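# Structural overview for review
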Amino acid sequence: MAYFPYLGSLEDASEYLKDNGYALKYRLKIQSLLQRKRQIEVMKKEILTLIDILQDKTRLQSPETRHDVLKKVRKLPIEWWERFFSLLLAVEGKNQPWALELKRELTKSSPYITLVGGLSFSEDEQIKIRDFIIFVLKKYQEQFGDEEGTKILAEKITNAVGNNEFKVVRNRLDADWSLTELRDNFKNPLLRSEFFDFWYMVMMNRTSDTEVRSRFRKALTLRSLKNAQPGQFWVMEYFFPAEKKKREIILSRLEDMWAGTDSLEQYTVLRVSRSLKIKNLLAKRIPDFKRADFQINREFYRKLLNSGRSTHYALAELFFLGDKNEENLWWLIL
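Please read these numbers as outputs of a predicted model, since none were measured by experiment. (Residues numbered from 1 in each chain as written. Predicted model: local features only at pLDDT ≥ 70, side-chain atom pairs only at ≥ 80, totals over all residues. Heavy atoms only, no water.)

## Considering the overall build of the chain
Each helix and strand in the chain was counted, giving 18 helices and zero strands. Over its C-alpha atoms the chain spans a radius of gyration of 22 Å, differing by no more than 12% from the 20 Å that the globule rule assigns to 334 residues. When the 334 residues of the chain are sorted by exposure, 47% land in the buried category. In the chain, the share of contacts with a sequence separation of at least 24, taken over all contacts with a separation of at least 6, comes to 64%. For the chain, the computed accessible surface area is about 17200 Å², with 48% contributed by carbon and sulfur atoms. (Helix = DSSP H or I, 4+ residues; strand = E, 2+ residues; numbered from the N terminus. Rg over C-alpha atoms; globule rule 2.2 N^0.38 Å. Buried < 20%, exposed > 50% of the residue type's maximum accessible area, 1.4 Å probe, protein only. Contact = heavy atoms within 4.5 Å. Areas by Shrake-Rupley, 256 points an atom, 1.4 Å probe, with all protein chains shown as cover.)

In structure tokens form, the structure reads like this:
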């Protein structure tokens, strides 16, 4: 497989596989993977091209040209990128209500976006993306003066990516809080309840578990749970409230997330179900969770692998689960 020479042409790939004795069913599968990989590469190219366009001042001067760019942005199948690109367009158009709404949605996005819902970029491409993120956040802050909101989003992005290169995002935007400042932010009912998962994330390992849980319990209201984005429910892996009404809302939301087609949302449910208590409650609602953990996980990672996204992560998880199907290895070379 490592010397497979025909990545540019589906016809050549088919002929090569045929000449080397691969059965028709196998050949069709490899061609299907190759096609999906091409679609992913096109998506990556569109994202990198849009970054160039959005940093070109001459392309965003008039409402007409911004509208043309927005049409391209809205065709992107990855919601996070659509929202982040739209944030810059909102800034350039001085549309504060739209910008604030996009900032809130991005702040509530899943911390697993690069792990499961992301694309694989080269080191140079990652640096380009990092610098673009800093560019957008600084423009947003300068235009609307939302310093706290910018810091929160910078910290959220830094944690979602999780590599050393992206720590620059946090540093450039001064996204740092003392423990006293974090405690003060918990006194603000809007910040406390709307971004409940974010404050749990930044307070973890900063103070005692007792204090974190006590403050988080107050932040987690019925209203905040009803209005929460799917990306915020990751926190239930670490804290599952005792109140029956809150549990009902959480379980209902997790059920909807699992029934959908979004791999990011399904992965969140998988992570949360590591809690035996939650898994047992989900099993009463979702037949899948009556099965053994390794069966549920293997099915999910196979589906993730075949989507063409986060393929290396999916391959590693399947390997650890004992799934060593050689056909999976095609994703390493396509």
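## As for a negative patch on the surface
A surface patch of like charges, here negative, comprises Glu11, Asp12, Glu15 and Asp19. Mapped onto the fold, Glu11 is located in helix α1 (residues 10-19). (Patch = residues over 30% accessible without salt bridge, like charges linked within 9 Å, V, L, I, M, F, W, Y side chains within 5 Å. Salt bridge = Lys/Arg side-chain N within 4 Å of Asp/Glu carboxyl O. Lys, Arg positive; Asp, Glu negative; His and termini not counted. Charge placed at Lys NZ, Arg CZ, Asp CG, Glu CD.)

## Some thoughts on the packing of helix α14 (residues 244-259) against helix α16 (residues 276-283)
Look at α14 against α16: their axes get within 11 Å of each other, and the N-to-C directions meet at 70 degrees. The orientation of α14 with respect to α16, classified from their angle, is roughly perpendicular. In this structure, α14 meets α16 at a crossing whose hand is right-handed. Across the interface between the two elements, Arg247, Leu251 and Leu254 from α14 touch Lys277, Ile278, Leu281 and Leu282 from α16. By residue class, the composition of the contact of α14 with α16 is five nonpolar, no polar and two charged. (Axes fitted to C-alpha atoms, helices over the stretch in contact; angles between N-to-C directions. Parallel < 35°, antiparallel > 145°, perpendicular 65-115°, else oblique. Left-handed = near helix turned anticlockwise from the far one by under 90°. Nonpolar A, V, L, I, M, F, W, Y, C, P; charged D, E, K, R; others polar.)

## Some words on the nonpolar core
Within the largest apolar cluster, 107 residues are counted, with the highest numbers of intra-cluster contacts made by Phe84, Phe85, Trp199 and Met236. Among the elements that take part in this core, helix α2 (residues 24-54) stands out by supplying 12 residues, more than any other. Each residue touching Met236, except ones within four places of it in the same chain, is listed here: Phe196, Leu220, Leu225, Pro241, Ile250, Val272 and Ile278. (Core = buried A, V, L, I, M, F, W, Y, C linked by side-chain atoms within 4.5 Å.)

## Comments concerning the environment of Leu264
As for its position among the elements, Leu264 is in helix α15 (residues 263-272). The spatial distance from the C-alpha of Leu264 to the C-alpha of Ile113 is 6.9 Å, given a sequence separation of 151 residues. Not counting residues up to four positions away in its chain, the partners in contact with Leu264 are Ser110, Tyr112, Ile113, Val116 and Gly117.

## Here we look at helix α12 (residues 209-219)
Every buried residue belonging to α12 is among Glu211, Val212, Phe216 and Ala219, and all of these are buried. Viewed end-on, α12 has its buried residues packed into an arc of 125 degrees, placing them on one side of the element. In α12, those exposed residues whose orientation departs by more than 90 degrees from the buried face are Thr210 and Lys218. On the buried face of α12, the contacting elements are α9 (179-185), α10 (189-194), α11 (196-203) and α13 (222-227). (Arc of directions from axis to C-beta.)

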